[in-house]
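Spelled out, the chains give:
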Amino acid sequence: MSRRFSFDLKATDGRARTGVIHTPRGDIRTPAFMPVGTAATVKAMMPESVAATGADILLGNTYHLMLRPTAERIDRLGGLHKFMNWDKPILTDSGGFQVMSLAELRKLTEEGVTFKSHIDGSKHALTPERSMEIQKLLGSDIVMCFDECPALPATEEEVAASMRMSMRWAQRSRDAFGDRPGHALFGIQQGGVTESLRAESAEALRAIAFDGYAVGGLAVGEGQEAMFGVLDYAPEQLPKDKPRYLMGVGKPDDIVGAVKRGIDMMDCVLPSRSGRTGQVFTRHGVVNIKNARHQDDPRPLDEACTCPACRNYSRAYLHHVFRSHEMISGMLLTWHNLHYFQEIMQGMRDAIAEARFDEWEADFHRGRAAGDIAPL
């Protein structure tokens with residue numbers, strides 16, 4: 001196996017793409033959904049259980065891991081893969097989004113960001129160089145450059161200034177990352193919902209040259225219509241021969257719409273977070289297992305699903321353990337959600353390879369429009 005990171009685009013159908021990202025730790029089939037292991041764990045799941053759902057790669061979080069247990073400690077213990085018992089690829093985000101959304105008393109300058117931890121109030125600084133250092137200590141296979149992600153709505157002037165600083169930070173991230181065979185660095189396109197700013201950002205990133213490119217600054221409050229409006233042009237502004245990653249997305253219909261528009265990789269906390277709160281995604285739409293309608297229902301969540309929750313347990317049981325606050329509830333419902341998300345990805349990979357993506361998409365929306373099956 002090559003020690004270098006590479007992307008092999010296998011087939012296209014319209015703008016939808018399928019391929020393989022090759023890394024020394026294994027291949028990533030695209031389009032790919034990355035479960036989020038924020039603090040070195042996908043909540044309520046064992047690593048081998050996550051792998052059993054079909055996941056080829058996980059996402060870890062620079063901000064959270066730098067605060068606790070610290071990147072230096074993880075490095076001393078053998079790196080993030082060994083620490084969390086995951087031998088497949090790991091992508092780490094740069095920490096920029098969490099600094100914006102979670103940190104207290106943040107101060108933004110050209111140098112970087114200083115902030116107080118949301119955990120204990122301790123003071124920290126994060127710069128492009130420090131973000132690269134942390135992600136190297138973690139041993140990330142795919143490293144994200146450090147950027148600033150302004151919350152929307154924002155004025156075009158604010159978005160433009162933020163984007164241009166992020167592009168300067170992208171160059172500093174590239175310089176600090178250096179040449180690390182087997183590891184990849186992705187640039188992040190910014191520009192809000194303005195096409196000309198997105199084009200300017202893409203041009204700057206292409207000039208720097210990255211191993212992959214993310215569409216950033218979406219899923220931050222703009223809504224699906226606006227997000228799809230950006231995705232109608234933004235992926236095409238990025239190199240065709242490199243992976244395209246949409247950060248922080250999303251619901252099943254968001255994912256399908258993004259792949260239709262040329263996206264190769266996505267991540268979101270939704271499958272695990274929803275599983276812990278009793279919200280389950282199925283071919284027939286969303287099931288709220290907390291509802292009383294399920295308390296006498298002997299059927300599985302989804303009769304066609306092969307996950308352990310659907311093979312072995314009834315809706316009545318899942319309703320009972322959720323209402324009883326039993327830990328197995330979050331475990332089973334998260335497993336089902338992750339399994340379902342990976343089934344969507346496999347379905348799209350097969351459909352694109354066989355040039356029937358439009359047919360697959362129509363079936364996907366038809367099933368969801370039908371709604372959940374009425375209880376017995």
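The shown structure was predicted, so the numbers you read here are calculated from the model rather than taken from an experiment.

J.: How should the overall build of the protein be read in this particular structure?
T.: Regarding its fold elements, the protein presents 15 helices and 16 strands. Relative to its length of 376 residues, the protein is compact, with a C-alpha radius of gyration of 20 Å against a globular reference of 21 Å. Expressed as lengths along the three principal axes of its C-alpha atoms, the size of the protein is roughly 60 × 45 × 45 Å. Across the 376 residues in the protein, those meeting the buried criterion constitute 57%. Split by element, the accessible area of the protein, about 15400 Å² in all, is 51% carbon and sulfur. Taken as two groups, the 45 positive and 49 negative side-chain charges of the protein have centres that lie 4 Å from each other.

J.: Before we go on, may I ask you to explain the packing of aromatic side chains in this structure?
T.: Any pair of aromatic rings gets described here by the distance separating the centres and the angle formed by the planes. In this structure the tally under the stated criterion is 10 aromatic pairs. Between Tyr340 and Phe341, the ring centres sit 6.4 Å apart and the planes meet at 80 degrees, which makes this aromatic pair edge-to-face. No difference in accessibility class separates Tyr340 from Phe341, as the two residues are buried. Aromatic side chains Trp360 and Phe364 sit 5.5 Å apart centroid to centroid with 10 degrees between the ring planes, which places their arrangement in the stacked category.

J.: For this particular structure, what's the right way to read the packing of helix H13 (residues 315-323) against helix H14 (residues 327-353)?
T.: Pairs of packed helices are described in terms of their axes, by the angle between the two and the distance that separates them. Between H13 and H14, the shortest axis-to-axis distance is 7 Å and the interhelical angle comes to 130 degrees. Compared by their axis directions, H13 and H14 come out oblique. Two packed elements cross with a definite hand, and for H13 against H14 that hand is left-handed. On H14, the residues that touch Tyr317, Leu318, Val321 and Phe322 of H13 are Ile328, Ser329, Leu332 and Leu333. Grouping the amino acids of the contact of H13 with H14 by side-chain chemistry returns seven nonpolar, one polar and no charged.

Here is what the cut-offs are and how they apply
- Residues numbered from 1 in each chain as written.
- Predicted model: local features only at pLDDT ≥ 70, side-chain atom pairs only at ≥ 80, totals over all residues.
- Heavy atoms only, no water.
- Helix = DSSP H or I, 4+ residues; strand = E, 2+ residues; numbered from the N terminus.
- Rg over C-alpha atoms; globule rule 2.2 N^0.38 Å.
- Buried < 20%, exposed > 50% of the residue type's maximum accessible area, 1.4 Å probe, protein only.
- Areas by Shrake-Rupley, 256 points an atom, 1.4 Å probe, with all protein chains shown as cover.
- Lys, Arg positive; Asp, Glu negative; His and termini not counted.
- Charge placed at Lys NZ, Arg CZ, Asp CG, Glu CD.
- Phe/Tyr/Trp six-rings, centres within 6.5 Å; stacked < 30°, edge-to-face > 60°.
- Axes fitted to C-alpha atoms, helices over the stretch in contact; angles between N-to-C directions.
- Parallel < 35°, antiparallel > 145°, perpendicular 65-115°, else oblique.
- Left-handed = near helix turned anticlockwise from the far one by under 90°.
- Contact = heavy atoms within 4.5 Å.
- Nonpolar A, V, L, I, M, F, W, Y, C, P; charged D, E, K, R; others polar.

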